[in-house]
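# Structural overview for review
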2 protein chains.
Amino acid sequence: MIKSRLNSLRNLMKEYHIDFYIIPSTDYHNSEYVTKYFCAREYFSGFSGSNGTLLVSDKNACLWTDGRYFIQAKKELEGNKIMLFKMQEALVPTLLEYLAANIKEGQVIGFDGKVMSASFYKEMNEAIKAEGIMYTGGHDLVHEIWKERPQLPCNKISILPDEIAGQTIFEKTSKLREKMKKTGVGACLISKLDDIMWLYNIRGNDVPFNPVALSYTFITDKQAFLFIQKNALDLEEYQYFEKENITVLTYDSIFLFLKELKFNEKVLLDTKNCSYALFSELAGKVTIIDQRNITEELKAIKNKVEIEQLKSIYLKDSVAVTKFIYWLTQEADLSSLNEWEAGQKIDSFRKEINEFLDYSFPTICAYKENAAMMHYSAKEYGSSVLKKEGMLLVDSGGQYLGGTTDVTRTIVLGQISDSIRINYTATVEGMLQLMNAKFLKGCTGRNLDILARQPLWNLGLDYKCGTGHGIGYMLNVHEGPHTISWRYRREIEEYPLEAGMLVSDEPGVYLEGEYGIRIENILLCVENQRSNDDCFLGFEPLTFVPIDLKGILPEKMSDSNKNELNKYHNQVFLKISPYLEPSEKVWLKEVTKAL
Amino acid sequence: MIKSRLNSLRNLMKEYHIDFYIIPSTDYHNSEYVTKYFCAREYFSGFSGSNGTLLVSDKNACLWTDGRYFIQAKKELEGNKIMLFKMQEALVPTLLEYLAANIKEGQVIGFDGKVMSASFYKEMNEAIKAEGIMYTGGHDLVHEIWKERPQLPCNKISILPDEIAGQTIFEKTSKLREKMKKTGVGACLISKLDDIMWLYNIRGNDVPFNPVALSYTFITDKQAFLFIQKNALDLEEYQYFEKENITVLTYDSIFLFLKELKFNEKVLLDTKNCSYALFSELAGKVTIIDQRNITEELKAIKNKVEIEQLKSIYLKDSVAVTKFIYWLTQEADLSSLNEWEAGQKIDSFRKEINEFLDYSFPTICAYKENAAMMHYSAKEYGSSVLKKEGMLLVDSGGQYLGGTTDVTRTIVLGQISDSIRINYTATVEGMLQLMNAKFLKGCTGRNLDILARQPLWNLGLDYKCGTGHGIGYMLNVHEGPHTISWRYRREIEEYPLEAGMLVSDEPGVYLEGEYGIRIENILLCVENQRSNDDCFLGFEPLTFVPIDLKGILPEKMSDSNKNELNKYHNQVFLKISPYLEPSEKVWLKEVTKAL
């Protein structure tokens, strides 16, 4: 099937004189999750992970994906004659290096300009030195082949009340405009959906797991234009935007709007989060300041109301996960339970929470060697059946009225070897060391990453992904501008951690074919101490779920980490036990006992 | 005196229609140390630290310096109506921010273009937005005022034998040319003296503490030109360069050479380490690739011969320092000894070593509160007299045939409070944690810095400088391209640590008016482990000098650090004791005993 689709694509490429066709994995807004409409890369390759780019030429088809998906991609690509290129591995060429090495003078690179980020196009232009190369971004070849392609989603938006948003549109746009002035730009063209939702205190439902609506905004010192699908709004929403002085235009009209735009000032545009199609309407016409959307940094620092809501929601979410662990280890009949059913069960605990709206990403419930695939997703049929042995990794989260959650625990179901427990202990130590870090204001995630990684590096182990990501407020489970990771990339501007930011703390061990361990808490960055001219920051956990002591070899843990684990578990018991049944409470006391 | 000098300068500025005159602290080559000829900034301000820039206008004189010198600068500037600007402190404007805010349309900024780095000029041009600003780099006003200005030094160079250099000129220039090809440049213009010495296996004596000769080089794929003072060479050296196909021209002829240069390819030029005067001869004429000299990264990775020599020299140097500590704590009559004399004594122990050539920087011997000044230098007359109390910080190093050393110990002379010992312990823990780090290849110093700083940050303390610097081989005690520090600066390209690099590891505590603690080992970066696709690096200490156990509160030290300290001290005893007198040996056994 994949082969015949690739053949159709190649025929069409010939027709259009395209030598290389690139199929990225994103939608029009570089969203992490995409509706079926945008699953072209999966349609043509079979690979279902969230990140990957397919490059098709006359002879070859190649897929690039990152460390989270190496194992999964290998499986899913099997038999389809698609080569896997492991991103960031030594000696593996990047897509652009591959293209640069294989393209010949005068050849044509094609793509759908609406799903290709402008920054990638710019990089491509830089990287490919061969002469006479042409780019054609106007052809969505996918559309011509994919007959049964689903519809573009269009769901009603909702307006956040001030007591949930914590800041009015006026306050947010004022801050944005103040920063625009400082940056020296007269307007921002924003294509990043969570930024638009945040700015206008709205939420949508057009992207899986991300409560966002397909939209664009163009905002100047005085005016604001929102481009959104007509049917996403009712009269109430039209009136809301009118009251806020936001001009509503239809979603597709952005292209015409930009084509006809007369604007003398600079425009801020984040080419990493904006399509080539949008960028090319603006380029050459106004001076583009290519940098991260200002909204991204404003959004990352949660306001007081948001923090209050988050604390309450994370507590409820932690209770749900704790109840799930009790159920799994104390009540469930493991021999008749598979991964998919266990995932359904944790989902059902979340659904019982009043404020529950959706899941924040597909629940990962991975048993034994499946957990070595960082983003494994169990299927309803044929997923592994659990046993009273090994470990189950559960990474899950919810979207609630009042917050977005994300938590991972690796649950020991029975006997595990001491070598596994050594790695489990190091993972827990890494998580604790980052959680208890005290650091000077100005530090970025690159300064802190080693705290989480050192216990594993000391064992000669590494996880092939970052240690942590920012998290939205009733928005995307992954957000910037900050991150916790170690690798240096000159082209990426680092952003310091600031009080009010959320960040995940999730070191892990992934041994292909054997097992996976990940322990993840969500942390709130807080001011820790001011002394002289120094301001120190630290973290407070929002997640309060027991960490499985059966995975830990106490004699391998440092005294200070042991002490921190005991303190954390004491907090878990104090915060969670009031919401438990008596039998659950007795159990929690036991599983949070001091080492 | 300072005031009258500033007045003369201001009169001259009026004459030349200069509104702001900038006096940097460097020589023609951005050397860290400078001969008296280049001490114009000190001449006009009184501030004697190694880093600082003076800005003089009609009304104001302002000095910028870094955290190492805040206390010293405050003292030295007193009474001269020169404002101190603390670099990198919050809310303190940089020199350029200050200039940008205070300069008016049409004003003129003057400087001696030969001592102003090209990169600073470029930054200045970017930062100052006022219209009609003029720059004039042709006037060395200093020269017109400073009548008794000393001569430019001109000392004989020496040629390193292959068994000391470890690599021939041919091997080095071949590597350089290979990298030039990869970088796409046809030539390098190198103004950085230690890079030139390294490349041509020569050493000089024109800069204090840096065994380098004033010179420039222009090297293409086929040719190499060395610009050097005539009197620095004898016939033997002329013949040496001739044999190596290096064309020798006089030092000053570089300007004419560049003026008349006809060259169609790109030229690599490190504008951070090249003067405005040189840069402006080349700019507009060839395409300049502004990046770090390739020689810098080649030089940083020590070859096998260098490493062998270094190990042997560091051992001898460590013996000298250990003998000094024995003498100071067991034999000296402290009540009749001042800082300057103690410094002379450690210098004399080094002088006894056969391979000794010079000191690698001015010995720092700072008692009690003087040690809070990071780069305090005791004067012959009036320096503090020691007592059987408090601590003496000794930071010193030598230039040897076979290596450049640098080591700091803080020696406890008598009773110290527990609060001092808490900070001393944290400093030692930080030093040990970095020394024992195991990390993935690709890490830069920014990933590792927190290992040294965390124990101090946990106490709410910080040191206002980096944790570590690279070290030359019979060259500058400070060299790049790598460093260990935490602060993010977008404009600075980080360089990963690689096996064969040297780096210092020197956390500290500096409490103004109270005391200073610094413990510094020099580390050799080595490959630690290869597992799967991962290559882990680590460090081996080259320094083997006891760390004063009287400063340590064992109950405040983690078990793993205690263990590492004991291991280190065990090595110190094994390596150093064979070179000691019996009484010294007994003492060393005691001061390196396990905690």
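Residues numbered from 1 in each chain as written. Chains lettered and ligands numbered in written order. Predicted model: local features only at pLDDT ≥ 70, side-chain atom pairs only at ≥ 80, totals over all residues.

Across its full length, chain A holds 19 helices and 28 strands. Its C-alpha atoms give chain A a radius of gyration of 24 Å, within 12% of the compact-globule value 25 Å for 595 residues. Over its C-alpha atoms, taken along the principal directions, chain A stretches across nearly 65 × 55 × 50 Å. Counting every position in chain A, which comprises 595 residues, the buried fraction comes to 49%. Put simply, of all contacts in chain A between residues at least 6 apart along the chain, 69% involve residues at least 24 apart. (Helix = DSSP H or I, 4+ residues; strand = E, 2+ residues; numbered from the N terminus. Rg over C-alpha atoms; globule rule 2.2 N^0.38 Å. Buried ≥ 20, exposed ≤ 12 C-beta atoms within 10 Å, placed from the backbone. Contact = placed C-beta atoms within 7 Å.)

Let us look at unusual backbone geometry. Residues and elements named next belong to chain A. In this chain, Gly 480 is followed by Pro 481 through a cis amide linkage whose omega measures 5°. Along the chain, Pro 481 turns up in strand E23 (residues 479–484). For Lys 81, which is not a glycine, the phi torsion comes out positive at approximately 55°. One can find Lys 81 in the loop between helix H3 (70–77) and strand E4 (83–86).

Okay, the relation of the copies chain B and chain A next. For the pair chain B and chain A, the relating rotation is 180°, the translation along its axis is 0.1 Å, and the fit reaches an RMSD of 0.1 Å. As the rotation angle and translation indicate, the two copies are arranged about a two-fold axis. Within chain B, B:Asn447 has its C-alpha nearest the rotation axis, a separation of 2.6 Å. Looking at chain B, 100% of its interface residues are interface residues in chain A too, so the copies touch through the same face. (Least-squares fit on C-alpha atoms with pLDDT ≥ 70 in both.)

This paragraph deals with the sheet that holds strand E18 (residues 398–400) of chain A. All names here are of chain A. Taken in spatial order, the three strands make up an open sheet running E15-E18-E19, and their pairing is antiparallel. Two strands in the sheet have a free side with no partner beyond their single neighbour: strand E15 (356–359) and strand E19 (403–404). Pairing geometry for E18 and E19, over two bridges, is antiparallel. What sits directly across from Gln 399, in E19, is Thr 404. (Pairing = 2+ DSSP bridges.)

Below, the discussion takes up the domain arrangement of chain A. The figure often quoted for interface size is the accessible area lost as the parts come together. Residues and elements named next belong to chain A. Considered domain by domain, chain A is made up of domain 1 (2–145), domain 2 (158–299) and domain 3 (301–591). With 15 residues of domain 2 at the interface, the matching set in domain 3 holds 23 residues. Those elements that place two or more of their residues in the side of domain 2 that touches domain 3 are helix H7 (162–165), helix H9 (193–200) and helix H13 (294–300). Tallied by class, the residues present in the side of domain 2 that touches domain 3 amount to six nonpolar, three polar and six charged. (Domains from an automatic or database assignment. Nonpolar A, V, L, I, M, F, W, Y, C, P; charged D, E, K, R; others polar.)

Residues and elements named next belong to chain A. Burial in helix H5 (residues 118–127) covers these residues: Ala 118, Phe 120, Tyr 121 and Met 124. Looking straight down H5, one finds that the buried residues subtend no more than 160° of arc, so they occupy a single side. Where H5 is buried, its residues contact helix H4 (95–102) and helix H12 (276–282). (Arc of directions from axis to C-beta.)

This part is about the nonpolar core. Within the largest apolar cluster, 342 residues are counted, with the highest numbers of intra-cluster contacts made by A:Tyr21, A:Leu392, B:Tyr21 and B:Leu392. Sequence-distant contacts of A:Leu392, that is, excluding residues within four places in its chain, are made with A:Ala342, A:Cys365, A:Tyr367, A:Leu386, A:Ile411 and A:Leu413. (Core = buried A, V, L, I, M, F, W, Y, C linked by C-beta atoms within 7 Å.)

Residues and elements named next belong to chain B. Taking 1.5 Å of rise per residue, 15 residues should cover 21 Å, and helix H8 (residues 169–183) covers 21 Å from first to last C-alpha, within 8% of that figure. Those residues of H8 that fall on the buried side of the exposure criterion are Ile 169, Leu 176 and Met 180. Buried residues of H8, seen end-on, are gathered within an arc of 45° and therefore sit on one face of the element. In H8, the exposed positions that point more than 90 degrees away from the buried face belong to Phe 170, Ser 174, Glu 178, Lys 181 and Lys 182. Taken together, the buried residues of H8 touch strand E8 (187–190), helix H9 (193–200), strand E10 (215–220), strand E13 (267–269) and helix H13 (294–300). (Expected span 1.5 Å × (residues − 1).)

With that settled, the discussion passes to the sheet that holds strand E21 (residues 439–440) of chain A. Within a sheet, neighbouring strands are paired by backbone hydrogen bonds and run either parallel or antiparallel to one another. All names here are of chain A. The sheet built from four strands is open, its strands ordered E21-E28-E27-E24 with antiparallel pairing. Looking along the sheet, the strands with just one partner apiece sit at the ends: E21 and strand E24 (502–505). Here E21 pairs with strand E28 (residues 534–541) via two bridges, running antiparallel. Looking across to E28, one finds that Phe 439 is bridged to Leu 537.

Further remarks concern the environment of A:Glu520. Residues and elements named next belong to chain A. Its location among the elements puts Glu 520 in the loop between strand E26 (515–518) and strand E27 (521–531). Sequence separation between Glu 520 and Val 248 is 272 residues; the distance between their C-alpha atoms is 41 Å. When neighbours within four sequence positions are excluded, Glu 520 is seen to be in contact with Asp 395, Asp 406, Val 407, Thr 408, Ser 504, Asp 505 and Glu 506.

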